[in-house]
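In case you want the letters, here they are:
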Amino acid sequence: MTGRLQAGQSLPTQVFSVRRADLIRYAGASGDFNPIHWSDRVATSVGLPGVIAHGMFTMGLVARAVEVWTDAAEVVELGCRFTNPVPVPDDEVGVEVSVAGTVKEAAGDLITITLEVTCGAVRVLGMPKAVVRG
Amino acid sequence: MAVDQSLIGREFAPTRAYAVSVEKVREFIAATAGPKAAQDYAGGSAPATFPIVVAFDAMFAFLDAEGIDLFRIVHGDQKFTYERPILPGDVLTATLSVASLRQIGGADIIGTRSEIRDASGDLVCTTAATLLHRGGDG
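Below, the structure is looked at part by part.

Criteria and cut-off values
- Residues numbered from 1 in each chain as written.
- Chains lettered and ligands numbered in written order.
- Predicted model: local features only at pLDDT ≥ 70, side-chain atom pairs only at ≥ 80, totals over all residues.
- Heavy atoms only, no water.
- Patch = residues over 30% accessible without salt bridge, like charges linked within 9 Å, V, L, I, M, F, W, Y side chains within 5 Å.
- Areas by Shrake-Rupley, 256 points an atom, 1.4 Å probe, with all protein chains shown as cover.
- Salt bridge = Lys/Arg side-chain N within 4 Å of Asp/Glu carboxyl O.
- Helix = DSSP H or I, 4+ residues; strand = E, 2+ residues; numbered from the N terminus.
- 1 Å grid on protein atoms, 1.4 Å probe; cavity = no way out; pocket = protein on both sides within 12 Å on 5 of 7 lines; lining within 4 Å.
- Points joined across faces, edges and corners; volume = space filled by probe spheres on them.
- Nonpolar A, V, L, I, M, F, W, Y, C, P; charged D, E, K, R; others polar.
- Axes fitted to C-alpha atoms, helices over the stretch in contact; angles between N-to-C directions.
- Parallel < 35°, antiparallel > 145°, perpendicular 65-115°, else oblique.
- Contact = heavy atoms within 4.5 Å.
- Buried < 20%, exposed > 50% of the residue type's maximum accessible area, 1.4 Å probe, protein only.
- Buried area = accessible area lost by both parts, 1.4 Å probe.
- Pairing = 2+ DSSP bridges.

**Quick word on a nonpolar patch on the surface**
A contiguous nonpolar patch, built from Ile24, Phe33 and Trp38 of chain A and spanning about 340 Å² of accessible area, is present on the exposed surface. For Trp38 of chain A, the location among the structural elements is in the loop between α1 (20-30) and α2 (40-45).

**Focus on the layout of surface pockets**
In this structure, the largest pocket spans a volume of roughly 510 Å³. Around the largest pocket, the lining comprises 24 residues; the ones closest to its centre are Glu67 of chain A together with Ser45, Ala46, Pro47 and Ala48 of chain B. At the level of elements, α3 (55-69) of chain A together with α1 (22-33) and α2 (35-40) of chain B are the ones that each hand at least two residues to the lining of the largest pocket. A per-element tally of the lining of the largest pocket places α3 of chain A first, with four residues. Partitioned by chemical class, the residues of the lining of the largest pocket number 15 nonpolar, four polar and five charged. Considered as a void within the structure, the second largest pocket measures approximately 420 Å³ in volume. As for the second largest pocket, its lining consists of 29 residues, of which Ile52, Gly55 and Phe82 of chain A together with Val74 and His75 of chain B are closest to the centre. Residue assignment for the lining of the second largest pocket shows that the elements contributing at least two residues are α3 of chain A together with α3 (52-65), β2 (73-82), β4 (107-117) and β5 (123-134) of chain B. The class makeup of the residues in the lining of the second largest pocket is 19 nonpolar, eight polar and two charged.

**Describing the packing of α3 of chain A against α1 of chain B**
Look at α3 of chain A against α1 of chain B: their axes get within 9 Å of each other, and the N-to-C directions meet at 90 degrees. Accordingly, the angle class assigned to the pair α3 of chain A and α1 of chain B is roughly perpendicular. Seen from α3 of chain A, the contacting residues are Phe57, Gly60, Leu61 and Arg64 of chain A; seen from α1 of chain B, they are Ala31, Thr32 and Ala33 of chain B. Counted by class, the contact of α3 of chain A with α1 of chain B contains four nonpolar, two polar and one charged residues.

**Points about unusual backbone geometry**
All names here are of chain A. Backbone geometry at Asp71 places phi at a positive 55 degrees, although glycine is not the residue there. With respect to the secondary-structure elements, Asp71 resides in the loop between α3 and β2 (75-82). Using a relative accessible area of 34% as the deciding quantity, one classes Asp71 as partly exposed. One non-glycine residue, Ala72, lies in positive phi territory at about 60 degrees. Along the chain, Ala72 turns up in the loop between α3 and β2.

**Digging into the interface of chain B and chain A**
With 31 residues of chain B in contact, the opposing surface of chain A contributes 30 residues. Across the chain B/chain A interface, buried area totals approximately 2,500 Å², and carbon plus sulfur atoms make up 64% of it. Put simply, chain B and chain A have one salt bridge between them. We note a salt bridge from Lys79 of chain B to Glu77 of chain A, for which the minimum N-O separation is 3.6 Å. Contributing elements (two or more residues each) for the side of chain B that touches chain A: α1, α3 and β2 of chain B. In terms of residues, the side of chain B that touches chain A owes the most to one element, β2 of chain B, which gives ten residues. Along the lines of polarity and charge, the residues of the side of chain B that touches chain A split into 17 nonpolar, six polar and eight charged. Of the strand pairs in this sheet, β2 of chain A and β2 of chain B are connected by five bridges, and their pairing is antiparallel. Residue pairing across strands places Arg81 of chain A opposite Asp77 of chain B, the latter belonging to β2 of chain B.

Below you can see the structure in the form of structure tokens.
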């Protein structure tokens, strides 16, 4: 299925809308109830600008984007740094997270995808990379 | 409060066995890929970040054992290396070890590594995570 992916190819950017309710849903689904992801009071007490998305929530969006791009190819490796927080305001609009990807390498049966994940003008993940089996 | 240096290299007890269910995977898909994807899920491979559910069990137990407040933790980085996809029916445990520990500007940088194994003891996934602990006053 991933045979059509070729080195150098740009993958269509996927945009995800993120609101507070999405963080609550993710907290329940993942079991990560760290209050910095739902309480402004606690988040600001540790120096954050307010409630921020779970890094693993953002990484989950990356995994989703990779799944769509590759027709759900088997993932062999997935990694990133969480370089900037994704603050999510307590309103109906929330924020948008954009996930862009490029096929870095397609060698043998392994395909390496490098990504750029941004919220507004800020790059929120460092060196996000996925390796899938083609 | 700095984290105890003697933690480096320490391996914690495996987490309680976690039985992966279709409904739990579907809930995770709903949270990361939306309701349509969740509805379409037919019981196959779990999403690539799903092993974090088991890895976090190990991490929370570690933080609790060390008396570290969860709200002082920020996730620095995360890497998964997969031996095979996770499927409903898998019974998984995670074993966490502390790979590195250093202090920068009053924060502890804790490098952890967890091995996720199935009921046969076979390795399913290895996760590496860096946790940033802002010490605060105590």
